[in-house]
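Residues per chain, in single letters:
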Amino acid sequence: MSWSVGSAGNSDEVATVIEAQFESYTACPEPEESIKQAARALIAKTLAGKIPAVATTVSAFGSQATKYRVDGALDEVNNGLSISIT
């Protein structure tokens, strides 16, 4: 599964758009959902600390790949995460 969010503008506008994008996603399998929610909180906290009139760009994405055994049991999980806030 994978997810991505992104927006550019003043930090208040960007925060609103990013939050709406996170809200539009259904829950991911664990541990990806926990990682996504941690990214969401980190982005929100970072944007709250920026001067509202300053131009801001946010780009974030995450993914989880899973490998299953022949019997159908989960064998391995690999997660990736990238966050850029400028």
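Here is a short report on the structure shown in this document. (Residues numbered from 1 in each chain as written. Predicted model: local features only at pLDDT ≥ 70, side-chain atom pairs only at ≥ 80, totals over all residues. Heavy atoms only, no water.)

**Re the overall build of the protein chain**
Okay, so step 1: A count of helices and strands for the protein chain gives 2 helices and 3 strands.
Okay, so step 2: Ordering the α and β elements of the protein chain from the N terminus gives β-α-α-β-β.
Okay, so step 3: Along the three orthogonal principal directions, the C-alpha set of the protein chain runs to about 55 × 20 × 15 Å.
Okay, so step 4: Contacts spanning at least 24 positions in sequence make up 59% of the contacts within the protein chain whose residues lie at least 6 apart.
Okay, so step 5: Per element, the accessible surface of the protein chain, about 5,200 Å² overall, is 57% carbon and sulfur.
Okay, so step 6: Charge-centre separation for the protein chain: the mean point of 6 positive side chains lies 4 Å from the mean point of 10 negative side chains. (Helix = DSSP H or I, 4+ residues; strand = E, 2+ residues; numbered from the N terminus. Contact = heavy atoms within 4.5 Å. Areas by Shrake-Rupley, 256 points an atom, 1.4 Å probe, with all protein chains shown as cover. Lys, Arg positive; Asp, Glu negative; His and termini not counted. Charge placed at Lys NZ, Arg CZ, Asp CG, Glu CD.)

**Let's talk about the nonpolar core**
Okay, so step 1: Within the largest apolar cluster, 11 residues are counted, these being Trp 3, Val 5, Val 14, Ile 18, Phe 22, Cys 28, Ala 39, Ile 43, Leu 47, Val 58 and Ala 60.
Okay, so step 2: Listed by contribution, the elements that provide at least two residues to this core are strand 1 (2–10), helix 1 (11–24), helix 2 (32–48) and strand 2 (55–68).
Okay, so step 3: Discounting chain neighbours no more than four positions away, the residues touching Ala 60 are Trp 3, Ser 4, Val 5, Ile 43, Ser 82 and Ile 83. (Core = buried A, V, L, I, M, F, W, Y, C linked by side-chain atoms within 4.5 Å. Buried < 20%, exposed > 50% of the residue type's maximum accessible area, 1.4 Å probe, protein only.)

**Focus on the pattern of salt bridges**
Okay, so step 1: Counted under the stated rule, the structure contains 6 salt bridges.
Okay, so step 2: A salt bridge links Arg 40 to Glu 23; the shortest N-O distance between them is 2.4 Å. With Arg 40 in helix 2 and Glu 23 in helix 1, this residue pair connects regions lying 17 residues apart in the sequence.
Okay, so step 3: A salt bridge links Arg 69 to Asp 71; the nearest nitrogen and oxygen atoms lie 3.2 Å apart.
Okay, so step 4: Given the relative accessible area of 43%, Arg 69 is considered partly exposed.
Okay, so step 5: Three or more residues joined by partner-sharing salt bridges are found here, namely Glu 19, Glu 23 and Arg 40. (Salt bridge = Lys/Arg side-chain N within 4 Å of Asp/Glu carboxyl O.)

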